[in-house]
Amino acid sequence: MTLAQLRALIAVAEHGGFTAAADMTGMSQPAVSRAIAALERELGAALFVRHRDGIALTEAGRRAVHRAREALRHFDLIRADVAAAAGEITGELRLASLPSATGTLIARLLRTFTDRYPQVRVRLFEGVDDDIRAWLHRGAAEVGVVTLPAPGLDTVPLSTHDMVAAMPAGHPLADQEVVHVADLTGRPFILTTAGCRPLIMAAARESDVRLDIAFEASGPAAILEMVAAGLGVSIVPTLGLPADLGAVVTRPLEPRTTRSLALAVPSLADCPPAARAFLDQLAAFTT
């Protein structure tokens, strides 16, 4: 069993095929196939099921991928920890971010971080809260932007911002200076499936409001487009809202509802050097 085989296994699992895995690893497609076949022979079990639409992990494959990620993470940490002991931060930082936070909060941190630590290769990818938490727990990311609370993760506060009511221009609620959560009763509501959902549902419960959920969508852009189309009203975070909302109007919400974001890691005590340096970069910005 070699590191190249483990990297090939993870790449095939993450990208859903041998050709895509070859593109990501720099190996040829036949080399990736040989690496997986060698692993399956050594382990005595099929790791993937091949079918007309592609491939899927077997139960043995899922367990092997989990352990392979752990093995590679510890292998990479050997080099990074030795370099850190000499005062040099190297290696890779896999950073997962919410789309609304990438340009508004993370870009500035990344610019300073990459200027200071040019030998660290940063991989940035985006997802919703559930995606990011899963990536952190299974070791696919070292640092992630999450909505608080985040049980099971160690966190460093990043930002707190208001949630606002969103409605189409010309909607009766647009004439109010402030929208009470109770004002949303009986109106078609567009509910996010992402990290703000628990906050919205809690605000409704506290105001004894039963939301009339007409549609659900994950991304803020999709929600705003649906509001603009007159499909309903919603509650959205102010972070990442475009300067020009077009046919959408926002109003402050009563009672005030806020969303708090944090940088999260699986464990501060076992944080890789590059991830620790990125968290320290945040501390430098906030002091």
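To keep things clear, this report deals only with the structure shown in the data block. On a predicted model such as this, the values are computed, not experimentally measured, just so you know.

The next subject is the packing of helix α1 (residues 3–15) against helix α3 (residues 29–43). Running from amino to carboxyl end, α1 crosses α3 at an angle of 105 degrees, the nearest separation of the two axes being 9 Å. Looking at the two axes, α1 sits roughly perpendicular to α3. Along its contact with α1, which presents Gln5, Leu6, Ala8, Leu9 and Val12, the element α3 presents Val32, Ala35, Ile36, Ala38, Leu39 and Glu42. Partitioning the contact of α1 with α3 into residue classes produces 9 nonpolar, 1 polar and 1 charged.

Turning to the packing of aromatic side chains, a few remarks are in order. Scanning all chains against the criterion turns up 4 aromatic pairs. With 5.1 Å between their ring centres and 70 degrees between their planes, Phe125 and Trp135 make a pair best called edge-to-face. Of this pair, Phe125 sits in strand β4 (residues 120–126) while Trp135 sits in helix α6 (residues 129–138), and the two are 10 residues apart along the sequence.

What follows is about the pattern of salt bridges. Inspection of every chain in the model, using the stated rule, returns 12 salt bridges. Arg69 is the salt-bridge partner of Glu14, the closest N and O atoms lying 3.3 Å from each other. Highlighted residues: Glu14 in helix α1 and Arg69 in helix α4 (residues 59–85), separated in sequence by 55 residues. Glu14 gets classed as partly exposed once you look at its relative accessible area, which sits at 35%. Taking relative accessible area as the criterion, Arg69 reaches 13% and is therefore assigned buried. In this structure, Arg111 engages Asp115 in a salt bridge whose closest nitrogen and oxygen atoms are separated by 3.2 Å.

With that out of the way, let us pick up empty space enclosed by the protein. Taking a probe equal in size to a water molecule and rolling it over the atoms shows the remaining empty space. Under the defined criterion, the tally for this structure stands at 1 cavity of 30 Å³ or more. Lining of the largest cavity is provided by Pro220, Val236, Pro237, Leu239, Gly240 and Leu241. Residue composition of the lining of the largest cavity, by class: 5 nonpolar, 1 polar and no charged.

Parameters and conventions
The residue numbering used here restarts from 1 in each chain and proceeds along that chain's sequence as written. Totals for whole chains, interfaces and linings use every residue, but because this is a predicted model, local features are given only for residues with pLDDT of at least 70 and side-chain atom pairs only at 80 or more, for both listing and counting. Side-chain numbers here rest on the full set of heavy atoms in the structure, without hydrogens or water. Interaxial angles span 0 to 180 degrees and are taken between N-to-C directions of axes, which are lines fitted to C-alpha atoms, for helices over the stretch in contact. Strands here are runs of E lasting at least two residues and helices are runs of H or I lasting at least four, both read from the DSSP assignment and numbered beginning at the N terminus. Orientation is classified from the angle alone, with under 35 degrees giving roughly parallel, over 145 giving roughly antiparallel, 65 to 115 giving roughly perpendicular, and any other angle giving oblique. Here, residues are in contact when the closest pair of their heavy atoms is within 4.5 Å. Residues were grouped as follows: Ala, Val, Leu, Ile, Met, Phe, Trp, Tyr, Cys and Pro as nonpolar; Asp, Glu, Lys and Arg as charged; and all remaining residues, including Gly, as polar. Geometry of aromatic contacts follows a simple scheme: Phe, Tyr and Trp rings, the Trp one being its six-membered ring, pair when their centres are within 6.5 Å, and the pair is stacked under 30 degrees between planes, edge-to-face over 60, tilted otherwise. The working definition used for a salt bridge is a side-chain nitrogen of Lys or Arg within 4 Å of a carboxyl oxygen of Asp or Glu. Only protein chains enter the accessibility calculation, which uses a 1.4 Å probe; a residue whose area is less than 20% of its type maximum is buried, one above 50% is exposed, and one in between is partly exposed. Computed over the protein atoms alone on a 1 Å grid, cavities are sets of points where a 1.4 Å probe fits but cannot get out and pockets are open sets with protein on both sides within 12 Å along at least five of seven lines; a residue lines them when it has an atom within 4 Å of a point. Grid points are joined across faces, edges and corners, and a volume is the space filled by probe spheres set on the points.

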